[in-house]
Amino acid sequence: KRITLFTLLICFSISTFAERNLVRPEDIKAFLKSTTYVVLEDNPMSGFNFKMKEVIEKSWSITPYKFITTKEFDKMRQDIDKSFLVLVQMKFDKDKVPAVYNFLCISMGAAVKNITDMPDVCSIPLSYDKVPEDNYIYKLEGLIRFMQNHIKLIDQNPTLIKNNIFDYYNKNTKEIKGKELWVVENDLEKNTRALAQIRKNYNYTVKVVTTETIEKAIAEKNPNVVYLHKVGPEGGRLQARCYKVVLGAGDDQIYYFDYHTVSKSEGDGLLDSDFKKMNKKIGRAH
């Protein structure tokens, strides 16, 4: 069982990845004073549960934490003194294709009827619903560390809550120069997978690696590596959103963010156009 939100997710929120309830500076302050309850899935053999426990125990430092079940979350979520890290199913009702996505969400408790009305401190797309866990759990540590860094950032710079946060992060793209971009082959669009094709559009180092290699780079906080977090249908028929996020393995910062709608001309994965965009921004740093 996962928490399900079928709500109006019209566009990107100013301060988070999915528009729910716009976070306020006071929500951030309340979060930093709270205990965070990490909601585990009901399946005791869930790979997500095992990995989440490992990652939280190793990398969560921003607040005290405890692990709870979905039933406990249902009972506790109205307590305004508590915060929650929970895997939530969402969809964008305005999209032509009603795809369901898994989002990793940090929310404040609130005495509201709908989960969608809980203050959303930070959310990040994790996967399409029904996509096997192996496609994303190897990146959980990096995503959890990023979310904590993001919260600290908007706490220290509340004006970013009112600005497009992706513009802020995309300014980092030029800093990819000197780093290696590591990608899993399946995260590249089919027509983009040949290294010869990539080199036509991107003048810097790209390595096609395994999921285990990326997981190891994240665990070791390798400062020389940036890696791709791609959220797509993974061979499914849904032609909906494909999120593309490049994060630093060492500093847990976003270096590039974009998304497109999967179609016959733009498939599921990082596109030639993404390499061209990154190459152009890096080139400006010369």
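Note that the structure is predicted; figures quoted are calculated from it, not measured.

1. Some details on the overall build of the protein
Looking only at helices and strands, one finds eight helices and 11 strands in the protein. For 286 residues, the compact-globule formula gives about 19 Å, and the C-alpha radius of gyration of the protein, at 18 Å, lands near that figure. Expressed as lengths along the three principal axes of its C-alpha atoms, the size of the protein is roughly 55 × 40 × 35 Å. Buried residues in the protein amount to 55% of all 286 residues. On the protein, roughly 13,000 Å² of surface is accessible, and the fraction owed to carbon and sulfur atoms is 49%.

2. Examining helix α2 (residues 47–59)
Because an α-helix packs 3.6 residues into every turn, residues spaced three or four apart end up facing the same way. Taking 1.5 Å per residue, 13 residues should reach 18 Å; α2 reaches 18 Å between its end C-alpha atoms and fits that length. The complete set of buried residues in α2 reads G47, F48, N49, K51, M52, V55, I56 and S59. Its side-chain oxygen placed 3.1 Å from the backbone nitrogen of F48, S46 serves as the N-cap of α2.

3. Examining the sheet that holds strand β7 (residues 180–184)
Ordered in space as β8-β7-β9-β10-β11, the five strands form an open sheet in which the pairing is mixed. Of all the strands in the sheet, just β8 (206–209) and β11 (254–261) have a single pairing partner and so form its edges. The average undirected angle you get between the axes of adjacent strands in this sheet is 20°. Across four bridges, the pairing between β7 and β8 is parallel. If you follow V184 over to β8, its bridge partner there is V209.

4. Considering the packing of aromatic side chains
Under the criterion given, the structure shown has 14 aromatic pairs. Site record: aromatic cluster; members linked through ring pairs are Y101, F103, Y128, F166, Y243, F257 and Y259.

5. A closer look at the pairing of β7
In terms of burial, β7 is largely enclosed, as four of its five residues are buried. Here β7 pairs with strand β9 (residues 225–231) via three bridges, running parallel. Among the inter-strand pairings, W182 is bridged to a residue of β9, identified as Y227.

6. Considering the pattern of salt bridges
This structure, assessed with the given rule, holds 16 salt bridges. Salt-bridge contacts for K51 lead to E215; the nearest nitrogen and oxygen are separated by 2.6 Å. Here E215 lies in helix α7 (residues 211–219) and K51 lies in helix α2, a separation of 164 residues in the sequence. Exposure remark for K51: the relative accessible area of 11% places this residue in the buried category. On the basis of relative accessibility, which here comes to 26%, the residue E215 falls in the partly exposed class.

7. Examining the nonpolar core
Of all hydrophobic cores here, the largest spans 70 residues; its most connected members are M52, L85 and L104. Here this core takes eight residues from helix α4 (residues 140–156), the largest share from any one element. Discounting chain neighbours no more than four positions away, the residues touching M52 are V38, L40, F67, L85, L104, L140 and I144. Listed in part, the 17 residues of the second largest apolar core include L181, Y202, L228 and M278.

8. Focus on the packing of α2 against α4
Across the interface, α2 lies against α4 with an axial gap of 9 Å and an inter-helix angle of 45°. Relative to α4, the element α2 is oriented oblique. Relative to α4, α2 is oriented so that their crossing is right-handed. Facing F48, K51, M52, V55, I56, K58 and S59 of α2, the residues of α4 in contact are L140, E141, I144, R145 and Q148. Grouping the amino acids of the contact of α2 with α4 by side-chain chemistry returns six nonpolar, two polar and four charged.

Each value, and the rule that gives it
- Residues numbered from 1 in each chain as written.
- Predicted model: local features only at pLDDT ≥ 70, side-chain atom pairs only at ≥ 80, totals over all residues.
- Heavy atoms only, no water.
- Helix = DSSP H or I, 4+ residues; strand = E, 2+ residues; numbered from the N terminus.
- Rg over C-alpha atoms; globule rule 2.2 N^0.38 Å.
- Buried < 20%, exposed > 50% of the residue type's maximum accessible area, 1.4 Å probe, protein only.
- Areas by Shrake-Rupley, 256 points an atom, 1.4 Å probe, with all protein chains shown as cover.
- Expected span 1.5 Å × (residues − 1).
- Polar contact = N/O pair within 3.5 Å; in protein donor to acceptor, adjacent residues only side chain to side chain.
- Pairing = 2+ DSSP bridges.
- Axes fitted to C-alpha atoms, helices over the stretch in contact; angles between N-to-C directions.
- Phe/Tyr/Trp six-rings, centres within 6.5 Å; stacked < 30°, edge-to-face > 60°.
- Salt bridge = Lys/Arg side-chain N within 4 Å of Asp/Glu carboxyl O.
- Core = buried A, V, L, I, M, F, W, Y, C linked by side-chain atoms within 4.5 Å.
- Contact = heavy atoms within 4.5 Å.
- Parallel < 35°, antiparallel > 145°, perpendicular 65-115°, else oblique.
- Left-handed = near helix turned anticlockwise from the far one by under 90°.
- Nonpolar A, V, L, I, M, F, W, Y, C, P; charged D, E, K, R; others polar.

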